Structures are given as structure tokens and as C-alpha cells.
Amino acid sequence: MNYVFKDRIDAGKSLATSLKKYRHEHCVVLALPRGGVPVGFIVAEYLHCPLDIILSKKIGHPFNKEYAIGAATLSDYFISPHEKVLDVYIQEELKEIRKRLKEMNTKYLGSQIPVDIEDKIVIIVDDGIATGNSMIAAITLIKKSYPKKIVIAVPVSAKSTLDKLMPFADEIISLISPFDLHAIGDYYENFQQVTDEEVIQYLEKKREKLLAWNNLISTSV
């Protein structure tokens, strides 16, 4: 098979160049862990802007957990209408998902204060989009902080999913949009799972670089 991207870093480099018009804007890159963080790191480096994460997880169908019927964040959720999906099931799933999201938030961010996105251009990055449900949940949460503009940027997404996401974002950039997306990993030569430790390292490295950059700017003024 002819892979499009060598790995997530390679995908991030390709994605970053498609966002060059935002290099001199007030932007924030929000990545969806875990796979979106390496991609988001490269994009944030290219744009010289902060990198943060947005936590959301899909809600699976009771008879097939891999089939997403909605998604949840720590403070919100949405469900697509489905027959035979009881509310008691949804509430049980929400409880478990939010427990996991709280653990992830503590592990990845600790006592770090989330980046302020009010009146900023928010670029949401992932390594690819399948159903789009987690992305919709993320955007629902983001909009409550009044960003100036919401941009979805991914290396690969199904064409039908992009159509589904159109009403939720101001702009969508997908480098590849196949009609028959079977698996995001099909487009990567190396699609190893990103570890929690790697996520933490990317976030810390970006914070350190941004601090050094801001110090350089302030001393040169």
C-alpha cells in the first residue's frame, strides 16, 4: 500500500503549511489526545502559538461500543437519535467517560491553567476524523468560551464526515478526504498508539518553547 504520511509528525508538517495564513494571527491550537497531540505540536510550532488539549470521548452503542452514537466532554454531551438506546445506559456511560476524562485532565495538565481562547482563532487538530462525534462534542464546549473563529484541521477525514461537520466550524481543512475511509491508520506508515507520557512531553516542550519565545520578544522590545 502507498501510505500518504510517514507518521503523525510528517502529517503535522503537511498540515501546518496549509494553515500558513494564520501565522501572524492570534491563534490557539487545541489537539484531541492522544493521537492529535503530535500533529498539533507541529502545527503550533509552525504558527508560533500556544498548544493545549480538548478532552472528549465517544459514546458507543450498547450493542457495539465501536459504533459512536454521540460524544461527551467533562461538562457537556450530545447523542444522535437511536432506537433502543435507553437513557439509563447513556447516564451510566457518561459517568464512566467523565471519570476517565477527569483522570486524563489531571495526568496531562495537572495544575496548569487552560489557555485562554476568548476572541482567538481556535484551530482544532486531530490525526484524523472518523465519525466526527468527538469533534462535535469538543466544538460544543469550545464555543462556550467565545472564540473568534473555529477551524478544524486534520490530515485525513471521510468526505461524508466533513459534510456533517460543516455547520459546526467556520472552516475545515482536511488534506485527504476519501469517500471510502475504512481506517485512519491506512494513511500512515507508522500509526503506533501515542502514549500518555508522549502527550505530557509534547505539552511541556511546547510550553517551554513558548515561554522562551515570549521572553525573547519582551527583551527585544
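Here we summarise the structure given alongside this text. (Residues numbered from 1 in each chain as written. Predicted model: local features only at pLDDT ≥ 70, side-chain atom pairs only at ≥ 80, totals over all residues. Heavy atoms only, no water.)

This part covers the overall build of the chain. Scanning the chain for helices and strands turns up 6 helices and 8 strands. Its C-alpha atoms give the chain a radius of gyration of 17 Å, near enough to 17 Å, the size a compact globule of 221 residues would have. Taken along the three principal axes of its C-alpha coordinates, the chain extends 65 × 40 × 30 Å. Burial statistics for the chain: of 221 residues in total, 46% are counted as buried. For the chain, the proportion of contacts with a sequence separation of at least 24, taken over those separated by at least 6, is 67%. Looking at the chain as shown, the accessible area adds up to about 11,900 Å², and 52% of this sits on carbon and sulfur atoms. Charge-centre separation for the chain: the mean point of 28 positive side chains lies 2 Å from the mean point of 29 negative side chains. (Helix = DSSP H or I, 4+ residues; strand = E, 2+ residues; numbered from the N terminus. Rg over C-alpha atoms; globule rule 2.2 N^0.38 Å. Buried < 20%, exposed > 50% of the residue type's maximum accessible area, 1.4 Å probe, protein only. Contact = heavy atoms within 4.5 Å. Areas by Shrake-Rupley, 256 points an atom, 1.4 Å probe, with all protein chains shown as cover. Lys, Arg positive; Asp, Glu negative; His and termini not counted. Charge placed at Lys NZ, Arg CZ, Asp CG, Glu CD.)

Turning next to the environment of I136. Within the element layout of this structure, I136 appears in helix α4 (residues 133-142). Owing to a relative accessible area of 5%, I136 belongs among the buried residues under this scheme. C-alpha separation for the pair I136 and F5, spaced 131 residues apart in sequence, amounts to 25 Å.

Turning our attention to the sheet that holds strand β4 (residues 64-72). The strand order β3-β4-β5 describes an open sheet built from 3 strands, whose pairing is antiparallel. Pairing within the sheet leaves two strands with one partner each, and these edge strands are β3 (57-61) and β5 (77-79). Neighbour-to-neighbour, the strand axes of the sheet open up by a mean angle of 50°, direction not taken into account. Note that β4 and β5 share 3 bridges and pair antiparallel. When the sheet's bridge partners are listed, A72 is paired in β5 with Y77. Here helix α3 (residues 87-109) sits on the sheet and contacts β3, β4 and β5; the angle it forms with β3, its principal contact strand, is near 150°. The sheet strands contacting α4 are β3, β4 and β5, and the helix crosses β4 at an angle near 15°. (Pairing = 2+ DSSP bridges. Axes fitted to C-alpha atoms, helices over the stretch in contact; angles between N-to-C directions.)

Mapped onto the elements, E171 comes out in strand β8 (residues 171-176). Within the structure, the side chain of E171 is placed 3.4 Å from the side chain of K149, a separation counted as a polar contact. Residues contacting E171, with those up to four places away along its chain left out, are K21, Y22, K149, I150, V151 and I152. (Polar contact = N/O pair within 3.5 Å; in protein donor to acceptor, adjacent residues only side chain to side chain.)

Attention now moves to the nonpolar core. Counting residues in each nonpolar core, the largest one holds 40 residues, and the members touching the most others are L15, L19, Y22, V29, L47, Y108 and I123. Broken down by element, this core gets its largest block of residues, 8 residues, from α3. If we skip the residues at most four places from it in the chain, L47 touches L19, Y22, R23, V29 and I123. Counting 21 residues, the second largest nonpolar core, distinct from the first, contains V122, I129, A137 and V154. (Core = buried A, V, L, I, M, F, W, Y, C linked by side-chain atoms within 4.5 Å.)

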